[in-house]
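Overview (structure and organization)
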Amino acid sequence: MICLTPVSAQESDRLTVVELFTSQGCSSCPPADAALKSMRNRPNILTLSWAVDYWDRLGWEDTYASPSNTKRQVAYNRRFGRGGVYTPQMVFDGTFQAIGSKNSSIRDAIKQSRSADRIDVKPTLTPAGDNIQLSLPSTPGLPDMLSIRVVWYLSDAEVEIGHGENEGRVLHYTNVVRASEMIMDWDGSEKTVSLKVADGLSVGADHVAVLLQEGYLHGKIIGAASIPLTESDSLANNDS
């Protein structure tokens, strides 16, 4: 379990996005998956699990992996100046990274991310019948390019692993990304966008998140929000 250190009121008001790049075929990943689960209900933290596909060739095809998830990780690591990719890797607000199974490194990275200077935008997501309304506040002084990314994710999943390094294990995953797309560039003007709940349900998701990110795949995240797709999901989360 990750025990986070206290932070100042200004730091704690900031939503920190923690992205884990993981694989069902990686024997080093289950501790990182567990660490991500322990952070899921922490105040002002949004966790997302991105399953990568480059372990698939070693005997087990990850049931949630996507080439686009791997592409996202590659883009991050290029900006970080790393020559390759690895699992488990955590990325914090698109700015800092750490080995996802090292609790002390995770705590340090979260502290760094919360205290880093940045524009902090607070989008809102509101249920609206068959849609979810995304509201973006008027925000001057944004970078030249800011992308709005929608992420549909599944809050909980268990997978029985049939082959590979984790053969015979039943592994639990939280906030598993099921689909993601950049829906628009944003110039900082006040804007409202409708997202279709059916789009998330069709890919097996029960939550949606939006990420406001510099660049297309791999920039700093300067704002985020998430919401369950249905009221029953909200009640289930409150009971967990």
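Let me begin by describing the structure that accompanies this report. (Residues numbered from 1 in each chain as written. Predicted model: local features only at pLDDT ≥ 70, side-chain atom pairs only at ≥ 80, totals over all residues. Heavy atoms only, no water.)

Focus on the nonpolar core
Counting residues in each nonpolar core, the largest one holds 23 residues, and the members touching the most others are Leu 125, Trp 186, Leu 195, Val 208 and Leu 212. Listing elements by their share of this core, those giving two or more residues are strand E6 (131-136), strand E7 (146-160), strand E9 (191-196), strand E10 (207-214) and strand E11 (221-228). By size, the runner-up hydrophobic cluster in this structure holds 19 residues, among which are Tyr 54, Tyr 76, Val 177 and Ile 221. (Core = buried A, V, L, I, M, F, W, Y, C linked by side-chain atoms within 4.5 Å. Buried < 20%, exposed > 50% of the residue type's maximum accessible area, 1.4 Å probe, protein only. Helix = DSSP H or I, 4+ residues; strand = E, 2+ residues; numbered from the N terminus.)

Some words on the pattern of salt bridges
Throughout the structure, instances matching the rule amount to 5 salt bridges. For Arg 118, the salt bridge identified is with Asp 93, shortest N-O distance 3.1 Å. Taken together, the residues span a long stretch of sequence, with Arg 118 in the loop between helix H4 (103-115) and strand E5 (124-128) and Asp 93 in the loop between strand E3 (89-92) and strand E4 (96-99) at a distance of 25 residues. Between Asp 120 and Lys 122 there is a salt bridge; the shortest N-O distance is 3.1 Å. Overall, the relative accessible area of 30% leaves Asp 120 in the partly exposed class. The partly exposed category is assigned to Lys 122, whose relative accessible area is 43%. It is possible to trace a salt-bridge network through shared partners that takes in Asp 93, Arg 118, Asp 120 and Lys 122. (Salt bridge = Lys/Arg side-chain N within 4 Å of Asp/Glu carboxyl O.)

Quick word on unusual backbone geometry
With an omega of -5 degrees, the peptide bond between Thr 87 and Pro 88 qualifies as cis. Mapped onto the elements, Pro 88 comes out in the loop between helix H3 (67-80) and E3. Despite not being glycine, Asn 44 has its phi angle at roughly 60 degrees, a positive value. Tracing the backbone through its elements, the reader meets Asn 44 in the loop between helix H2 (30-39) and strand E2 (45-51). Although it is not a glycine, Asp 93 adopts a positive phi angle of roughly 55 degrees. Asp 93 sits in the buried class, given a relative accessible area of 1%.

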